[in-house]
Amino acid sequence: MLNLDSKIPEGEISKKWSNFKFHAKLVNPSNRRKFSVIVVGSGLAGASAAASLAEQGYNIKCFCYQDSPRRAHSIAAQGGINAAKNYQNDGDSIYRLFYDTVKGGDFRSREANVYRLAEVSVNIIDQCVALGVPFAREYGGLLANRSFGGAQVSRTFYARGQTGQQLLLGAYSALERQIGLGKVKMYTRREMLDLVKVDGHAKGIIVRNLVTGEIERYAADAVLLCTGGYGNVFYLSTNAQGCNVTAAYRCYKRGAGFANPCFTQIHPTCIPQHGDQQSKLTLMSESLRNDGRVWVPKKAEDCTKNPNDIPEDARDYYLERKYPSFGNLAPRDISSRAAKEACDDGRGVGPAVNGERRGVYLDFADAIKRDGLKTVEEKYGNLFEMYERITGENAYETPMRIYPASHYTMGGLWVDYNLQSTIPGLFVLGEANFSDHGANRLGASALMQGLADGYFVIPYTLPDYLARVGAKNISTDRSEFDEVEKEVRAKIEKLMAVKGNKSPRQFHIELGKVMWEYCGMARSEESLKKALELIPKIREDFWKNVKVVGTEDNINTELERAGRVADFLEFAEVMCLDALNRNESCGAHFRVEYQTEDGEAKRNDAEYSYAAVWEYAGEGKAPNLYKEVITHDEVKPVVRSYK
Amino acid sequence: MKVHLKVWRQKQGAAKGKFETYTVDNVSPDSSFLEMFDILNEQLVAQDKEPIVFDHDCREGICGMCSMTINGIPHGPERKTTVCQLHMRKFKDGDTIVVEPWRAGAFPLKQDLIVSRDALDLIQQAGGFISARIGSPQDANAIPIPKEIADKAMDAAACIGCGACVAACPNASAMLFTSAKVSHLNYLPQGAPERNRRTIAMVEKMDELGFGNCSNYGECQAVCPKGITLDFIAKMNRDYAIAKAAEAAK
């Protein structure tokens, strides 16, 4: 039985966070050293949380699977970070950022959380600058801003095309300082494989040392999960190779509710797949759509021609045709789906992968004619360079090819206002939780949420929990640790023992294809049922035929992948069930049965204004569905239109 | 394409490793170098052999995890490019390619192509930060920073901490890395109060960890995937001299 008490504080929306902070219990400075906290993950959320809590005086153990905390995938974010600073005097405010985020999330996020996010956004920029993040500046020395993701105000702060990297290096430097001071003990090359509960509270984790293969136990007074999203369920995504759902999924199996797993964001401007040897997809900044025109040939037989030989009247500028007022700047989900439709129609371009051409042109010829080569080069030079490095093609001479790819996951472990999951003592931060982005995330808001959770929210909400439960000084010799470790070891042994004939990667590819085809950009009852029929078959095949070579006692990347794929194979089913349950289209979740005549998403507020929270019911059993009703006290739902 | 590989294999804890020879066929020229390694590893798995372990993660040239010396050059033949962004079209059909781990005394080898770069984190811990307590900063626009200064700090901050500079240096010096970290913070007014302390601490930690000194070969700059330049080493040397003089004057 999940308890979905969201614990939203009393009072009007702008006072809730202040109310919470005033009423929250505190831990006396001299008592803080008696508490220890485990932080899993060292991206923006994890690094900022670990550094902040260590500064307050708690003892932190921080874990990451990479060789250094500085490599977490937050580092790859390019665009920027939003904050309601209103430095540009263009009418921005906390309320406007809050409003835009709720609307952008298609009215499926919790208003109180989103308001708090907008409220602390201004502090994030101050904090980052204080830590030395070299944001872009104007000649007067003040911070520069740009408008991003269709926002009507310029509220995005950026550091060239490397904003994620610079923000992460800021949080990492604060973390390293605490490591040097002895307040954080850093455990690199460790993968969390399970959660240990004592008397119902999260009190420890079991990890595998990825170098020696040892299974290790760690205990603490609370566990913070900052392990990112599950976009790699699609195999091909813009995520890093190591990104996975394992930590979150194993917490789910221990009783943490998983909310809205079907809300996955697809980014429209990625470089298409070059062939079946592809291991990841690379995203290019969406700003390209400001000047590029998207098209495919009108006739399928033109698809193999040199695009420059296809005359103007044989081209279909489908976004301009379907959405005359927004044209090539139509929102992410709409332009993604339109690209898929064009390719499904047999009019995709570029190399055929398994018999299908999955790409559309993004053409700069008109922009070059209008503004000159030099201007286009100044604006997008680095992106054209990146495109050429990856594809070997010169986009000044021949149109770029783009295609959508899985990019971010809005769903995640359910948390209350305090970021606590349904397991007491287990807190979930950043992309790993579900709370702030509803059914779709606005550009430049992921970095904002990761840092908000770590720098400004958890330092207030975690002490409230710690003060209530007291320091327990849990020993890892307890029987609870024995039991969980035994299960972890059994699972590894089981994987090693199958000794089949297919590598873990092959299963991952197979699963990815099913998820992308049947639970990707557009879903239907039929496609989801098909996926739910196929996934158990792949899973069954996996446990019969997976082959994990090597041994457990050293670096074994096959074993690592096998464990992650095994969890994806179970999690994928929950994702499809969630998509099937949600009989509406909203945000990034598009059910083809629920659309307007113009192909727009048709929300069903009367029946689906809730967060769908899934509870693990045991092996081979369908999970239980719980609902947290999402109310709209501030922002009244409207239907969006981009015509 | 078909390529022949000579790859360094070394078991964990083993004193010595050796080159093993492999052939990979049917590689698309559009595949990345690491995708070619994926194919090779799948091949090895099919033959019940242990795959080659190598560090990699983001595969878009920013996390700094990938680290292979290809035909003697850290990150391979293409300038300003990490291994993960290097593509097979840069090689010829039938080429023999030699792949080794980063080699430096301060980067002990773990297994196959994976080395430990913990030393870089230790340099950062020594002083690569600004002690600004979380939760109590002033407004971000309170200190205007001239664009030229902010841009220079950003040029230095672009370092991805991959360690190619160390691997390329005949002295296994970490001066390019350390100077990028020192300069990023030393350029900024926020970093001024701790400037001397930081510079001395980071330089001394770097020496203590067994990295060599700079003797102006410039190999580090040539292989840096992010275009970090030797100017920063000059700046660090200058900052170090000033810091030491200030210390002596006390």
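Residues numbered from 1 in each chain as written. Chains lettered and ligands numbered in written order. Predicted model: local features only at pLDDT ≥ 70, side-chain atom pairs only at ≥ 80, totals over all residues. Heavy atoms only, no water.

Engineer: If you had to explain unusual backbone geometry to someone new, which residues and values would you point to?
Structural biologist: Residue and element names in this part refer to chain A. Non-glycine residue R160 carries a positive phi angle of around 45 degrees. Examined against the element boundaries, R160 turns out to sit in the loop between β4 (156-157) and α6 (163-180). A residue is classified by how much of its surface remains accessible, and R160, at 36% relative accessible area, is partly exposed. With phi around 65 degrees, A444 is a residue other than glycine that occupies positive phi space. In this fold, A444 is placed in the loop between β19 (426-428) and α12 (446-469). (Helix = DSSP H or I, 4+ residues; strand = E, 2+ residues; numbered from the N terminus. Buried < 20%, exposed > 50% of the residue type's maximum accessible area, 1.4 Å probe, protein only.)

Engineer: Which residues make up the sheet that holds strand β16 (residues 360-363) of chain A, and what values go with them?
Structural biologist: Residues and elements named next belong to chain A. The strand order β11-β17-β16-β12-β13 describes an open sheet built from 5 strands, whose pairing is antiparallel. Because the sheet does not close on itself, it has two edges, and the strands there are β11 (264-270) and β13 (315-316). As paired strands, strand β12 (residues 293-297) and β16 are joined by 3 bridges and run antiparallel to one another. Considered in β16, the bridge of V294 is made with L362. (Pairing = 2+ DSSP bridges.)

Engineer: Residues and numbers for the packing of aromatic side chains, please.
Structural biologist: The relation between two aromatic rings is expressed through the spacing of the ring centres and the mutual angle of the planes. Residues and elements named next belong to chain A. The final tally for this structure, using the stated rule, is 38 aromatic pairs over all chains. Ring geometry for F98 versus Y115: centroids 5.2 Å apart, planes at 65 degrees, classification edge-to-face. In this pair, F98 is assigned in helix α4 (residues 94-104) and Y115 in helix α5 (residues 111-130), connecting sequence segments 17 residues apart. Neither residue differs from the other here; F98 and Y115 are each classed as buried. Three or more aromatic residues joined by ring pairs form one cluster here, namely Y230, Y249, Y252, F258, F571 and Y616. Lying across the ring of Y187, K185 places its NZ or CZ 5.0 Å from the centre. (Phe/Tyr/Trp six-rings, centres within 6.5 Å; stacked < 30°, edge-to-face > 60°. Lys NZ or Arg CZ within 6 Å of the ring centre and 35° of its normal.)

Engineer: Before we move on, could you go through the sheet that holds strand β8 (residues 215-219) of chain A and cite the residues and values that matter?
Structural biologist: Residue and element names in this part refer to chain A. Read from one edge of the open sheet, 3 strands run β6-β7-β8, paired in antiparallel fashion. Because the sheet does not close on itself, it has two edges, and the strands there are β6 (190-198) and β8. Averaged over all pairs of adjacent strands, the angle between strand axes in this sheet comes to 25 degrees, irrespective of strand direction. Across 5 bridges, strand β7 (residues 201-209) lies against β8 in antiparallel orientation. In the sheet register, I206 faces β8, and the bridge partner there is R217. (Axes fitted to C-alpha atoms, helices over the stretch in contact; angles between N-to-C directions.)

Engineer: Any details on the domain arrangement of chain B? Residues and values, ideally.
Structural biologist: Residues and elements named next belong to chain B. Entries for chain B in the domain assignment read domain 1 (3-100) and domain 2 (118-249). When each unit is reduced to the centre of its C-alpha atoms, the spacing between domain 1 and domain 2 is 31 Å. If you look at the interface, domain 1 gives 11 residues, while domain 2 gives 12 residues. Summed over both partners, the interface of domain 1 with domain 2 comes to about 850 Å²; 64% of that surface belongs to carbon and sulfur atoms. Per-residue buried area on domain 1 facing domain 2 is highest for P74, H75 and K80; these three make up 47% of the total on that side. Between the two partners, domain 1 and domain 2, sit 0 salt bridges. (Domains from an automatic or database assignment. Contact = heavy atoms within 4.5 Å. Buried area = accessible area lost by both parts, 1.4 Å probe. Salt bridge = Lys/Arg side-chain N within 4 Å of Asp/Glu carboxyl O.)

Engineer: Summarise the pattern of salt bridges; cite the residues concerned and give the values.
Structural biologist: All names here are of chain A. One pass over the full model with this rule turns up 77 salt bridges over all chains. Here R315 and E312 are joined by a salt bridge, their closest N and O atoms 3.9 Å apart. Linked by salt bridges that have partners in common, R293, E312, R315, E320, D363, D366 and K369 make up one network.

Engineer: Describe helix α7 (residues 246-253) of chain A, with residues and values.
Structural biologist: Among the 8 residues that make up α7(A), 7 are buried, leaving the element largely enclosed by the rest of the structure. Following α7(A) by one or two positions, A:G255 has its phi on the positive side, about 120 degrees.

Engineer: Please set out empty space enclosed by the protein residue by residue, giving values where relevant.
Structural biologist: The tally for this structure, following the rule as stated, stands at 12 cavities of 30 Å³ or more. Considered as a void within the structure, the largest cavity measures approximately 510 Å³ in volume. If you trace the largest cavity, you find 29 residues lining it, with A:T557, A:E560, A:R564, B:F54 and B:H56 closest to the centre. Elements supplying a minimum of two residues to the lining of the largest cavity: α14 (504-518) and α16 (557-581) of chain A together with α1 (33-46) of chain B. With 7 residues, α16(A) is the largest single contributor of residues to the lining of the largest cavity. Of the pockets and cavities examined, the second largest cavity occupies roughly 140 Å³. What lines the second largest cavity is a set of 14 residues, among which A:L193, A:I492, A:L559, A:E560 and A:G563 lie closest to the centre. Those elements that provide at least two residues to the lining of the second largest cavity are β6, α7, α13 (479-498) and α16 of chain A. Tallied by class, the residues present in the lining of the second largest cavity amount to 6 nonpolar, 2 polar and 6 charged. (1 Å grid on protein atoms, 1.4 Å probe; cavity = no way out; pocket = protein on both sides within 12 Å on 5 of 7 lines; lining within 4 Å. Points joined across faces, edges and corners; volume = space filled by probe spheres on them. Nonpolar A, V, L, I, M, F, W, Y, C, P; charged D, E, K, R; others polar.)

Engineer: I'd like a rundown of the interface of chain B and chain A, residues and numbers included.
Structural biologist: Every contact between the two is made by 77 residues of chain B and, on the other side, 76 residues of chain A. Between chain B and chain A, roughly 6400 Å² of surface is buried when both sides are summed, and carbon and sulfur atoms account for 50% of that area. If you sort the residues of chain B by the area they bury against chain A, B:D57, B:I134 and B:M154 come out on top, with a joint share of 11%. Our count for the chain B to chain A interface comes out at 8 salt bridges. Between B:D155 and A:R160 there is a salt bridge; the shortest N-O distance is 2.8 Å. Connecting chain B to chain A are 52 residue pairs in polar contact (both at pLDDT 80 or more). Those elements that place two or more of their residues in the side of chain B that touches chain A are α1, β6 (109-111), β7 (114-115), α2 (118-127), α3 (147-157) and α5 (175-187) of chain B. Sorting elements by how many residues they give to the side of chain B that touches chain A places α3(B) first, with 8 residues. A breakdown of the residues in the side of chain B that touches chain A according to their chemical character gives 31 nonpolar, 21 polar and 25 charged. (Polar contact = N/O pair within 3.5 Å; in protein donor to acceptor, adjacent residues only side chain to side chain.)

Engineer: Give a detailed account of a negative patch on the surface, specifying residues and quantitative values.
Structural biologist: Together, A:E493, A:E552, A:D553 and B:E50 make up a region of like negative charge exposed at the surface. Position of A:D553 among the secondary structure elements: in the loop between α15 (525-545) and α16. We classify A:D553 as exposed; its relative accessible area is 52%. (Patch = residues over 30% accessible without salt bridge, like charges linked within 9 Å, V, L, I, M, F, W, Y side chains within 5 Å. Areas by Shrake-Rupley, 256 points an atom, 1.4 Å probe, with all protein chains shown as cover. Lys, Arg positive; Asp, Glu negative; His and termini not counted. Charge placed at Lys NZ, Arg CZ, Asp CG, Glu CD.)

Engineer: Summarise the packing of α3(B) against α5(B); cite the residues concerned and give the values.
Structural biologist: Residues and elements named next belong to chain B. Running from N to C, α3 and α5 point in directions that differ by 160 degrees, and their axes come no closer than 8 Å. Considering their axes alone, α3 and α5 lie roughly antiparallel with respect to each other. In the crossing of α3 with α5, the sense of the turn from one axis to the other is left-handed. For the pair α3 and α5, the contacting residues are I149, K152, A153, A156 and A157 in the first and A180, S183, H184 and Y187 in the second. Considering only residue class, the contact of α3 with α5 consists of 6 nonpolar, 2 polar and 1 charged. (Parallel < 35°, antiparallel > 145°, perpendicular 65-115°, else oblique. Left-handed = near helix turned anticlockwise from the far one by under 90°.)

Engineer: Describe the pairing of strand β20 (residues 610-615) of chain A, listing the residues and the values that go with them.
Structural biologist: Residue and element names in this part refer to chain A. A large share of β20 lies buried, amounting to 6 of its 6 residues. Alternating positions in β20 separate into two faces, Y610, A612 and W614 on one and A611, V613 and E615 on the other, with burial throughout. In this structure, strand β10 (residues 258-259) lies alongside β20, joined through 2 bridges in antiparallel fashion. Each bridged residue has a counterpart across the sheet, and for A259 the counterpart in β20 is V613. Two elements, β20 and strand β21 (residues 624-629), share 6 bridges in a ladder whose sense is antiparallel. Across the sheet, Y610 pairs through a bridge with V629, a residue of β21.

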